[in-house]
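This is what each chain is made of:
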Amino acid sequence: MKRINLSILQTISVKSMLGGFCIILLLGLSGCLRLDDNLFNPNVTKITEYKLDNYTGDLDFRLDASYQIPDSLIHVFQLPSQAPDETSATLIYGLYIGNIDSIASDTVIMYCHGNRDHMDFYWQRAKLLANTKSKNRFGVMMIDYRGYGLSEGKPTENGLYADADAALKWLKNKGLTNDRLVMYGFSLGTAPAVKLSAEDFSMKPSKLMLEAPFASAEVMIQDASGLAMPAAFFTDLKINNAEEIKKVQQPFFWIHGEADDFLNINTHGAVVYNNYNGTYKEAHRIPNAGHGNIPNTFGFQNYLNAVGNFITMH
Amino acid sequence: MKKNPFLLICITAYLFISALSSCSPIKFIKPLEKNQNAAGVSLGGALIKYGTATIPIPFLTADYGYGIDSTLTGFGSFNITSALFGNFQLELGAAKQLLKQNNYFPAVSITPSVNIIYRNTDAYKFYPQLAFNAFWEYGKHKNFVYISADNWFELAQKRAHELKQPNHWIFMPTIGHSFTGKKWNFNIEAKIIAPNLSNQNLVVEYQTPLKKRGALGIFLGYTRKF
């Protein structure tokens with residue numbers, strides 16, 4: 001009987017050790033997987049230089065020659081970006097379409113691009129916006145967030161806001177005033193677009209335009225799981241356009257594809273739109289459009305008319 | 001937007017699978033003998049399309065069971081995958097045999113359980129589950145084949161931003177086989193996870209016989225009895 005008990009004790013001891021080892025291992029690994037870093041999706045197609053019209057990677061659409069911008073009005077440059085909690089600046093890349101010398105009198109669309117790739121991927125979209133109303137009537141500013149394209153650093157949530165704000169500082173230094181600044185965000189870019197419209201940064205945009213916005217990290221998790229799970233199970237990201245939009249008072253333009261299979265129009269875009277309590281809002285639900293093809297599905301001219309009318313009439 | 005790295009696909013799939021499948025992919029269907037202990041691991045996951053290949057999502061749990069009596073086994077399952085995300089996820093439950101096998105009429109058991117997920121005081125969930133099982137023993141080793149109707153319940157009425165929570169019942173029909181040794185069990189199991197829910201508009205493309213609904217999961221389990 002004693003032998004049996006000893007055997008059991010030895011077995012339990014070995015099992016306990018193994019169990020303890022496993023628990024220590026698990027605690028060590030605990031939390032090592034988070035969605036945060038993997039939500040950012042820069043440089044699917046890596047680049048060594050910005051090629052813009054000569055870029056041969058995947059695109060959502062390519063514009064014909066009628067939308068061409070003269071080389072003299074295309075400016076690619078570096079600018080420093082520093083978040084409040086950082087001790088040094090990160091060099092990011094920016095692109096301005098228009099005459100830099102006339103920023104002091106022009107209206108400028110600050111275009112915050114989406115999650116994929118870099119400015120080469122979004123060049124067609126920025127170029128399209130530069131054709132709003134008429135060619136180069138509005139200046140267009142675009143940046144590659146840190147970690148995207150040739151910008152230094154690694155993508156972070158605070159980095160998105162700091163980088164977009166760095167672009168605003170650059171524009172402000174060139175003479176842009178709040179009343180001539182229009183903020184435009186697409187997909188992930190709606191996060192800095194809303195944040196910088198809602199809170200105090202270097203400039204206060206006069207209008208906010210969102211294309212295929214997401215509501216919050218919570219909705220992304222809940223759409224993916226089908227259940228009312230807290231986002232904190234998987235991510236520490238605090239991005240929450242659905243709440244931030246409540247602070248926005250500027251006129252607001254929303255456009256979303258009804259067939260968006262990445263950010264559902266009802267659980268994401270409509271929530272943001274409905275939560276807006278500012279002075280003016282307009283919605284454009286585009287039938288048959290998915291996440292990345294609103295301008296071409298809507299029709300480039302229809303899209304430009306909607307954008308242009310909002311900017312000039314409100 | 002859909003060209004996400006593999007890890008993102010795995011993680012997104014994990015969201016769907018971990019949320020919609022139980023903490024323990026393979027449950028106790030047939031109770032243990034009285035005072036018998038069992039410890040094991042389960043591995044497997046839903047099949048997704050990745051590039052041109054179909055691959056399972058890795059999903060790992062550690063399980064322990066104890067035979068309270070010959071018809072009732074208590075068990076707990078610790079979700080290792082969830083722990084890698086920094087969450088404590090535990091399933092606690094019991095398997096109760098209600099009917100014995102009578103020739104071709106199967107033995108019947110039920111498996112009520114609760115699934116607890118805790119990250120911090122602001123992020124925790126509690127999901128009740130209930131599985132109805134039927135199993136047929138055969139041969140001298142008492143291997144058995146089983147079918148199960150597993151049900152997961154979402155109690156929340158609201159989801160983020162005060163939207164109505166659309167799904168309250170997730171159903172998982174399951175078929176499996178257990179190879180039984182004196183000191184071990186080896187299980188293989190296939191289940192359709194949430195055939196009542198659309199699998200569209202997700203980053204992941206699931207491989208399922210139902211095309212636009214649910215996900216097909218393949219799971220393996222090894223249990224050591226002592």
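Just so it is clear, the structure is predicted and the values come from calculations on it, not from any experiment.

Digging into the overall build of chain A
Part 1 of the reasoning: Helix and strand content of chain A: 10 helices and 10 strands.
Part 2 of the reasoning: In chain A, buried positions account for 50% of the 314 residues.
Part 3 of the reasoning: Taking the contacts inside chain A whose residues are at least 6 apart along the sequence as the reference set, 76% of them involve residues at least 24 apart.

Here we look at the overall build of chain B
Part 1 of the reasoning: Within chain B one finds two helices and 12 strands.
Part 2 of the reasoning: Put simply, chain B runs from its N terminus to its C terminus through helices and strands in the order α-β-β-β-β-α-β-β-β-β-β-β-β-β.
Part 3 of the reasoning: A separation of at least 24 residues holds for 52% of the contacts in chain B among residues at least 6 apart in sequence.

Considerations on the packing of helix H4 (residues 157-173) of chain A against helix H5 (residues 190-198) of chain A
Residue and element names in this part refer to chain A.
Part 1 of the reasoning: In the contact formed by H4 and H5, the axes pass within 9 Å of each other and the chain directions differ by 65°. In the crossing of H4 with H5, the sense of the turn from one axis to the other is right-handed. Touching Leu160, Tyr161, Ala164, Asp165 and Leu168 of H4 are Ala191, Pro192, Lys195 and Leu196, all from H5.

Looking at H4 of chain A
Part 1 of the reasoning: In a regular helix each residue adds 1.5 Å, so 17 residues correspond to 24 Å; H4 of chain A covers 25 Å between its end C-alpha atoms and thus fits that length.
Part 2 of the reasoning: Of all 17 residues making up H4 of chain A, 13 are buried, and the element is well covered by its neighbours.

Considering helix H10 (residues 300-313) of chain A
Residues and elements named next belong to chain A.
Part 1 of the reasoning: Along its 14 residues, H10 runs 19 Å from first to last C-alpha, staying within 8% of the 20 Å computed at 1.5 Å per residue.
Part 2 of the reasoning: Within H10 the residues assigned to the buried category are Tyr303, Val307, Phe310 and Ile311. Each buried residue of H10 lies within a common arc of 95° when the element is viewed along its axis, so the set occupies one face. Of the exposed residues in H10, the ones pointing more than 90 degrees away from its buried face are Gln301, Thr312 and Met313.
Part 3 of the reasoning: Against helix H3 (119-129), strand S7 (181-186), strand S8 (207-211), strand S9 (252-257), strand S10 (281-286) and helix H9 (294-298) lie the buried residues of H10.

A look at unusual backbone geometry
Part 1 of the reasoning: Backbone geometry places Asn288 of chain A, a non-glycine residue, at a positive phi of 70°.
Part 2 of the reasoning: Of note, Asn288 of chain A is situated in the loop between S10 and H9.
Part 3 of the reasoning: The exposed category is assigned to Asn288 of chain A, around which 10 C-beta atoms lie within 10 Å.
Part 4 of the reasoning: For Glu162 of chain B, which is not a glycine, the phi torsion comes out positive at approximately 65°.
Part 5 of the reasoning: Within the secondary structure, Glu162 of chain B sits in the loop between strand S8 (143-153) and strand S9 (169-180).

Some points on the sheet that holds S9 of chain A
Residue and element names in this part refer to chain A.
Part 1 of the reasoning: Strand order in the open sheet formed by eight strands is S2-S3-S6-S4-S7-S8-S9-S10, and the pairing between neighbours is mixed. Of all strands in the sheet, those bounded by a partner on one side alone are strand S2 (74-81) and S10. Going from strand to strand, the sheet's axes swing by 20° on average, the running direction of each strand aside.
Part 2 of the reasoning: Inspection of the sheet shows strand S4 (residues 108-112) paired to strand S6 (residues 139-144) by four bridges, in the parallel sense. Each residue of the ladder has a partner; that of Val108, found in S6, is Gly139.
Part 3 of the reasoning: Relative to S2, H4 is tilted by about 115°, and along the sheet it contacts S2, strand S3 (90-97), S4, S6 and S7.
Part 4 of the reasoning: Its contacts with the sheet put helix H8 (residues 265-275) on S8, S9 and S10, and the angle it makes with S9 is roughly 170°.

Details of the confidence of the model for chain B
Residue and element names in this part refer to chain B.
Part 1 of the reasoning: Of the residues in chain B, 77% reach a pLDDT of 70 or more, and the chain-wide mean stands at 81.
Part 2 of the reasoning: The low-confidence segment residues 1-7, where pLDDT is below 50, has 13 contacts with residues more than four positions distant or belonging to other chains.
Part 3 of the reasoning: Scored below 50 in pLDDT, residues 19-23 shows 25 contacts in the model against residues more than four places distant or in partner chains.
Part 4 of the reasoning: Per the prediction output, this complex has pTM 0.80; the corresponding ipTM is 0.74.

Digging into the nonpolar core
Residues and elements named next belong to chain A.
Part 1 of the reasoning: Counting 96 residues, the largest nonpolar core has Val108, Met110, Tyr111, Ala126, Val140 and Tyr184 as its most contacted members.
Part 2 of the reasoning: In terms of residue count, the dominant contributor to this core is H4 (nine residues).
Part 3 of the reasoning: Beyond its immediate sequence surroundings of up to four residues, Met110 is in contact with Met141, Ala167, Leu168, Leu181, Val182, Met183, Tyr184 and Pro205.

As for the pairing of strand S10 (residues 184-198) of chain B
Along a regular strand, successive side chains alternate from one face of the sheet to the other.
All names here are of chain B.
Part 1 of the reasoning: Judged from the seven bridges that link them, S9 and S10 form a sheet pairing that is antiparallel. Bridge pairing in S10 places Ser178 opposite Asn187.
Part 2 of the reasoning: Between S9 and S10, which follow one another and run antiparallel, lie three residues.
Part 3 of the reasoning: Bridge analysis of S10 against strand S12 (residues 213-225) gives 11 bridges, and the strand direction is antiparallel. Looking across to S12, one finds that Ile192 is bridged to Leu216.

Basis of the calculations
- Counting restarts for each chain, with residues numbered from 1 along the sequence as it is written.
- Whichever chain is written first becomes A and whichever ligand is written first becomes 1, with later ones labelled in order.
- Local features in this predicted model are restricted to residues whose pLDDT is 70 or higher, and side-chain atom pairs enter the listing and the counts only when it is 80 or higher, whereas totals over whole chains, interfaces and linings include all residues.
- What counts as a helix is a DSSP run of H or I of at least four residues, what counts as a strand is a run of E of at least two, and both are numbered from the N terminus.
- Put plainly, a residue is buried at 20 or more neighbouring C-beta atoms within 10 Å of its own, exposed at 12 or fewer, and partly exposed in between, counting only other residues' C-beta atoms, which are placed from the backbone.
- Throughout, a residue-residue contact means that the two C-beta atoms, derived from backbone geometry, are no farther apart than 7 Å.
- Note on definitions: angles span 0 to 180 degrees between N-to-C directions of axes, and those axes are lines fitted to C-alpha atoms, for helices only across the stretch in contact.
- With the far helix as reference, a near helix turned anticlockwise by less than a right angle produces a left-handed crossing, and one turned clockwise produces a right-handed crossing.
- By this rule the span expected of a helix is its residue count minus one, scaled by 1.5 Å.
- Comment: arc refers to directions from the helix axis out to C-beta atoms.
- Pairing between strands is defined by DSSP: at least two bridges between them are needed.
- What pLDDT conveys is the predictor's confidence in a given residue, as a value from 0 to 100.
- Definition of nonpolar core: a set of buried Ala, Val, Leu, Ile, Met, Phe, Trp, Tyr and Cys residues joined via C-beta atoms within 7 Å.

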